[in-house]
Amino acid sequence: MLAIERAALTMKTTPVRGHPPQDREAITVIDTLSHLPRPPAAAAELADRFGDLAPPLTARQAALESARCLYCYDAPCVNACPSEIDIPAFIRNIQQENVQGAAQTILSANILGGSCARVCPTEILCQQACVRNNAQECAPVLIGLLQRHALDHAQFAEHPFQRAAASGKRIAVVGAGPAGLSCAHRLALHGHEVVIFEAREKAGGLNEYGIAKYKLVDDFAQRELEFLLQIGGIEIRHGHRLGENLSLSELHQQFDALFLGIGLAASKRLGLAHEDAPGLLAATDYIRELRQSDDLSQLPLAERCIVLGAGNTAIDMAVQMSKLGARDVNLVYRRGFAEMGATGHEQAIAKANQVRLLTWAQPQEVLLNDQGQVRGMRFARTRLDSGRLQSTGESFELAADAIFSAIGQAFDGQALVDPLAGELKREGERIWVDQNLQTSVPGIYAGGDCTALGQDLTVQAVQHGKLAAEAIHTHLMRNAEAA
Amino acid sequence: MADLSIEFAGIKAPNPFWLASAPPTDKAYNVIRAFEAGWGGVVWKTLGEDPAAVNVSSRYSAHFGANREVLGFNNIELITDRSLEINLREITQVKKAWPDRALIVSLMVPCVEESWKTILPLVEATGCDGIELNFGCPHGMPERGMGAAVGQVPEYVERVTRWCKSYCALPVIVKLTPNITDIRTAARAAYRGGADAVSLINTINSITSVDLERMVANPIVGSQSTHGGYCGSAVKPIALNMVAEIARDPETRGLPICGIGGIGSWRDAAEFVALGCGAVQVCTAAMLHGFRIVEQMQDGLSRWMDSQGYQSLADFSGKAVGNTTDWKYLDINYQVIARIDQDACIGCGRCHIACEDTAHQAIASLEQADGTHKYEVIDAECVGCNLCQITCPVQDCIEMVAQDTGKPFLDWQHDPRNPYRVAS
């Protein structure tokens, strides 16, 4: 999730063509980069390089940092948190050495608070709003790291949330990403039975497959999932993909309610010739492979590479390739630094990892060698002319062994092909929902990136899932009372 | 540069910063280090009759702030645990080596004339500059009829002070215990007994914390604890009040006062002097940071005095005493109202919730279009209590602005609303 899609916003005019379902998983790193060498560094050395980007606070650091919180009333940080975590309350609990209480405060608002603590762009959310980020201090309380501290150190003898008495209601959740998991947990809490249908082998969505490895280390997505499922009443069925072997109409008939958290499964295409040539692929595909790899030294290494895009996924891709040992990593964006989706914090990470950030250059042509493999790319130089992006008429070439496209994710139209799906009102390409996360079809709710509501962030998806669960619960219980 | 040298109750010192009678002044080694660091004087840790006291382990505990800063400090240590002979010999040597520094000897012997008559000539023979009578130690010694057990009985204070004045020629400073209802009673007794000065406050009975695992208070001795004496910055407000009480008491007016209690900076010291002190004593701050703190205390005080045009301590000693009065003399018609500097406000909302929940509902929280809040004082509701200014984390963001009420000075004694008003 993150701001992968902020990159998408920057390339709105680019044509979008989702791969046909059967092709999606087929396009793998192995196929398209098999001609590249492997990293020279040993596996252990690579594992070390991919360690925690932001190491956890020590107990002493947490004590000092929590004491900096002013315990604001109507706190701006809470207002800035899409999942409405009571930040002053949990930090005060940490200060009073009540780390369990702190964790429960966080989890009651955001059951994926552990991954949010690691992947949230806090510099544009809670920490930007922190009153200690004012002009006199410029030093916000490190809320993200304190949140991680609480959740890392809390030890619950049993799952901290108890399920309500069984309601007899069954709800289907499509997609086991942050939105779906959050929704499922909240529904289970209210006593409902939940079945999650997930296309992939593992649950977790982008936390499992799409976030830079150094941001979520030690298999955190799976550990968090394990904790979440401890509440009981949630079954995950893998290998079910909407539009392929899962029908919206059938789910709608079989379950009391339905929640769609299907994300943005398709990577935007560049719209250039040779786009499927060996050496060119979506950054998300490479990152997925990297995250699932047990031995990073077996991954193909593009010693010279180009990453297209300006969102956090582009940064994640470039930095990871640099860590693998690439000596020449260029991140190319067609506009300027100010327009980049990646935050200043993310840009700094890129620079610290020897990534060269090139702006005002638009992909023009994929350059191939004799074997038809990527050897580089030609870019047109761009500029703004009366607010419109124009080519200056100049162009230049960059040599590269591989090109990774991170120009944004798009809604996978193939997922909504059955008749009922056709009835879902859309907003742009995404699913329209009201403030209660209900779609235009009664009984069907949706949240996360597949909807047009809110920002494309993990924490936003968690909030959507939670709010949708509450709306579903209210709706089902009202109906039950009426019956 | 301002002249920091003083003459206090006949005792000369190059500066008003003295180390209080406590562990830092227990022996020659420490005292020499203190003098090397620049302290103007030292009150040698309390001497008693042989055999010397015996101490327990452990001895100290603290009241911590959120960042583990020590707000208050507590000890259960007794008077010196070294023999009288060793102490007297060291005092003699140190005074000889450091003739320009004030060296005062703290004493505590049983409340028997013979005991004082015996020890005083021995102390005087060391060449020290004065004696301080320890009538304040609140822990351990009172159980043996000494320390605070004396200080809490005005007759004893007066009697022992008189013995001291008659059996030695040295200036006598009486150190007062704050564990008493009215500090003036003890000060008056010392004054009647002929004391040349009083010093205060000694430590306050305290338990700083309880170990909730072991269910025993701190500091822990085996499986037990006992109350100790509280000092450090937390006690400064109590000490300042007691100093002011004595300074403005007509019965003891003019009696030199040596201020003690939570002094850790030049500003603390200046405040004690403003309320009537001629010298100050420091202990806890030195115990936490070492003797070097006296450098910043001297430097800061003299620069501040220069900025104010004060050439000596006497120029501002007691200058705030006249403005410290009884409640009944305060101007009922004076009115201040809080003013929030919106440019400085960081929007934490603390002023609002403090006023809303616990005071006068005088600060409105106005939600803005972007979800943030703006805080505004409702003048008609504000009583000028200062709570918002105190809870505000931003220095000078909230100002208490005096209002022109158009009303004359009026104190409660003359207020028509007072049924017991003074007839005019």
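Residues numbered from 1 in each chain as written. Chains lettered and ligands numbered in written order. Predicted model: local features only at pLDDT ≥ 70, side-chain atom pairs only at ≥ 80, totals over all residues.

## Remarks on the overall build of chain B
Summing up its helical and strand segments, chain B has 12 helices and 20 strands in all. Taking 424 residues into account, the globule formula puts the C-alpha radius of gyration at 22 Å, and chain B, at 24 Å, falls close to it. Its C-alpha atoms put chain B at 75 × 60 × 45 Å along the principal axes. Going through the 424 residues of chain B one by one, you find that 46% of them count as buried. Counting only contacts in chain B whose residues sit at least 6 apart along the sequence, the fraction spanning at least 24 positions is 72%. (Helix = DSSP H or I, 4+ residues; strand = E, 2+ residues; numbered from the N terminus. Rg over C-alpha atoms; globule rule 2.2 N^0.38 Å. Buried ≥ 20, exposed ≤ 12 C-beta atoms within 10 Å, placed from the backbone. Contact = placed C-beta atoms within 7 Å.)

## Here we look at the domain arrangement of chain B
Domain boundaries assigned for chain B yield domain 1 (6–315) and domain 2 (327–402). For domain 1 of chain B versus domain 2 of chain B, the distance between C-alpha centres works out to 40 Å. (Domains from an automatic or database assignment.)

## Notes on the sheet that holds strand 12 (residues 388–399) of chain A
Residues and elements named next belong to chain A. Taken together, the 3 strands give an open sheet; going across it, the order is 10-11-12, and neighbouring strands pair in antiparallel fashion. Either end of the sheet is taken by a strand with one partner, and the two such strands are strand 10 (361–368) and strand 12. Pairwise comparison of adjacent strand axes, ignoring direction, gives a mean angle of 20° for this sheet. Of the strand pairs in this sheet, strand 11 (residues 374–385) and strand 12 are connected by 9 bridges, and their pairing is antiparallel. (Pairing = 2+ DSSP bridges. Axes fitted to C-alpha atoms, helices over the stretch in contact; angles between N-to-C directions.)

## Let's talk about the interface of chain B and chain A
Taken residue by residue, the interface counts 14 residues in chain B and 11 residues in chain A. It is helix 11 (residues 350–358) of chain B that provides the largest number of residues to the side of chain B that touches chain A, a total of 3 residues. Of the residues contributing to the side of chain B that touches chain A, the split by class is 5 nonpolar, 8 polar and 1 charged. (Nonpolar A, V, L, I, M, F, W, Y, C, P; charged D, E, K, R; others polar.)

## Focus: helix 7 (residues 87–95) of chain A
Residues and elements named next belong to chain A. Across the 9 residues of helix 7, 7 count as buried, placing the element largely inside the fold. The complete set of buried residues in helix 7 reads Ile87, Pro88, Phe90, Ile91, Asn93, Ile94 and Gln95. Buried positions along helix 7 lie against helix 5 (59–67), helix 6 (76–80), helix 8 (99–109), helix 10 (126–129) and helix 11 (143–153). Among the residues trailing helix 7, Glu97 stands out with phi positive, at a value near 60°.

## Regarding the packing of helix 5 (residues 154–167) of chain B against helix 6 (residues 183–192) of chain B
Residue and element names in this part refer to chain B. With their axes 7 Å apart at the nearest point, helix 5 and helix 6 run at an angle of 25° to one another. Taken as axis vectors, helix 5 and helix 6 run roughly parallel relative to one another. Seen along the crossing, helix 5 lies across helix 6 with a hand that is right-handed. In contact with Pro154, Val157, Glu158 and Thr161 of helix 5, helix 6 contributes Thr185, Ala186, Ala189, Ala190 and Arg192. Class assignment for the residues of the contact of helix 5 with helix 6 results in 5 nonpolar, 2 polar and 2 charged. (Parallel < 35°, antiparallel > 145°, perpendicular 65-115°, else oblique. Left-handed = near helix turned anticlockwise from the far one by under 90°.)

## Description of the domain arrangement of chain A
Residues and elements named next belong to chain A. Its domain assignment divides chain A into domain 1 (4–49 + 269–407), domain 2 (59–153) and domain 3 (170–265 + 411–482). Just the C-alpha atoms count here: the centres of domain 2 and domain 3 sit 27 Å apart. With 11 residues of domain 2 in contact, the opposing surface of domain 3 contributes 20 residues. Here the side of domain 2 that touches domain 3 is composed, by residue class, of 6 nonpolar, 4 polar and 1 charged.

## Quick look at helix 2 (residues 84–97) of chain B
Residues and elements named next belong to chain B. Over its 14 residues, helix 2 runs 20 Å from end to end, which matches the ideal 20 Å to within 8%, given 1.5 Å per residue. Of the positions making up helix 2, those classed as buried are Asn87, Ile91, Val94 and Lys95. The arc that holds the buried residues of helix 2, viewed along the axis, is 95°, so those residues lie on one side. Exposed residues pointing more than 90 degrees away from the buried face of helix 2 are listed as Glu85, Lys96 and Ala97. Considering only its buried residues, helix 2 is in contact with helix 1 (28–37), strand 4 (41–47) and strand 7 (102–107). (Expected span 1.5 Å × (residues − 1). Arc of directions from axis to C-beta.)

## Description of the environment of Glu427(A)
All names here are of chain A. Mapped onto the fold, Glu427 is located in strand 15 (residues 426–427). When the C-alpha positions of Glu427 and Ala452 are compared, they lie 6.4 Å apart, and in sequence the two are 25 residues distant. Discounting residues that sit within four places of it in the chain, Glu427 has contacts with Trp432 and Ala452.

## Let's talk about the sheet that holds strand 2 (residues 193–198) of chain A
Residue and element names in this part refer to chain A. In spatial order, the strands read 3-2-1-4-17; together these 5 strands make up an open sheet with parallel pairing. At either margin of the open sheet sits one strand with a lone partner, and together these are strand 3 (234–238) and strand 17 (444–446). When strand polarity is set aside, the average angle formed by the axes of neighbouring strands in this sheet is 20°. Pairing between strand 1 (residues 170–174) and strand 2: 5 bridges, direction parallel. Across the sheet, residue Val173 finds its bridge partner in strand 2, namely Ile196.

## Re the confidence of the model for chain A
On average, residues of chain A carry a pLDDT of 92, and 94% of them reach 70 or more. Every residue in residues 1–27 of chain A scores below 50 in pLDDT, and together they form 82 contacts with partners more than four places removed in sequence or on other chains. (pLDDT = per-residue confidence, 0-100.)

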